[in-house]
Amino acid sequence: MLLVWLYGVMVVGAVSRSAFQISTEFGHAPLPYSLSALAGVVYGFITYSLVRGGERARRAALVCCAAELLGVLVVGTWTVLEPSAFPDATVWSDYGMGYLFIPVLLPLTAVYWLRKGTRRS
């Protein structure tokens, strides 16, 4: 239940932030704003999968959490090594530092929890 709640909060944060930024200043930093929107969509799908339940939804959530983690690591590393490519932050910039590192900790926790449930079955 905690994972569902946290992912729900991240959906609201990422989608509202990117929607505002895309609608008001997209030309300033299109890549970061688009990546934030993508993060919001990923968070939404994971939230839906966790709420839906069932084996198929669990597997879909697991794949999306792994993809999310990969995205956080790639974008986080990219923003550290080439900060000029990101004139404004994304949800995943600096490994989610602007979101208290929740974007990197959440998929790690979710993958652990989802895999633990598989072993128990």
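Keep in mind it's a predicted model, so treat the numbers as computed, not measured.

1. Considering unusual backbone geometry
Then comes step 1: Within the chain, Leu-100 stands out as a residue other than glycine whose phi angle is a positive 60°.
Then comes step 2: You can see Leu-100 is positioned in the loop between helix 3 (55–81) and helix 4 (102–120).
Then comes step 3: The backbone phi angle of Phe-101 is positive, close to 65°, even though this residue is not glycine.

2. Points about a nonpolar patch on the surface
Then comes step 1: Taken together, the side chains of Met-97, Phe-101, Leu-105 and Leu-108 make up a nonpolar region of the molecular surface, amounting to roughly 380 Å² of accessible area.
Then comes step 2: Tracing the backbone through its elements, the reader meets Leu-108 in helix 4.
Then comes step 3: Overall, Leu-108 belongs to the partly exposed group, its relative accessible area being 45%.

Procedures and definitions
Residues numbered from 1 in each chain as written. Predicted model: local features only at pLDDT ≥ 70, side-chain atom pairs only at ≥ 80, totals over all residues. Heavy atoms only, no water. Helix = DSSP H or I, 4+ residues; strand = E, 2+ residues; numbered from the N terminus. Patch = residues over 30% accessible without salt bridge, like charges linked within 9 Å, V, L, I, M, F, W, Y side chains within 5 Å. Areas by Shrake-Rupley, 256 points an atom, 1.4 Å probe, with all protein chains shown as cover. Salt bridge = Lys/Arg side-chain N within 4 Å of Asp/Glu carboxyl O. Buried < 20%, exposed > 50% of the residue type's maximum accessible area, 1.4 Å probe, protein only.

On their own, these measurements won't tell you what the molecule is for.
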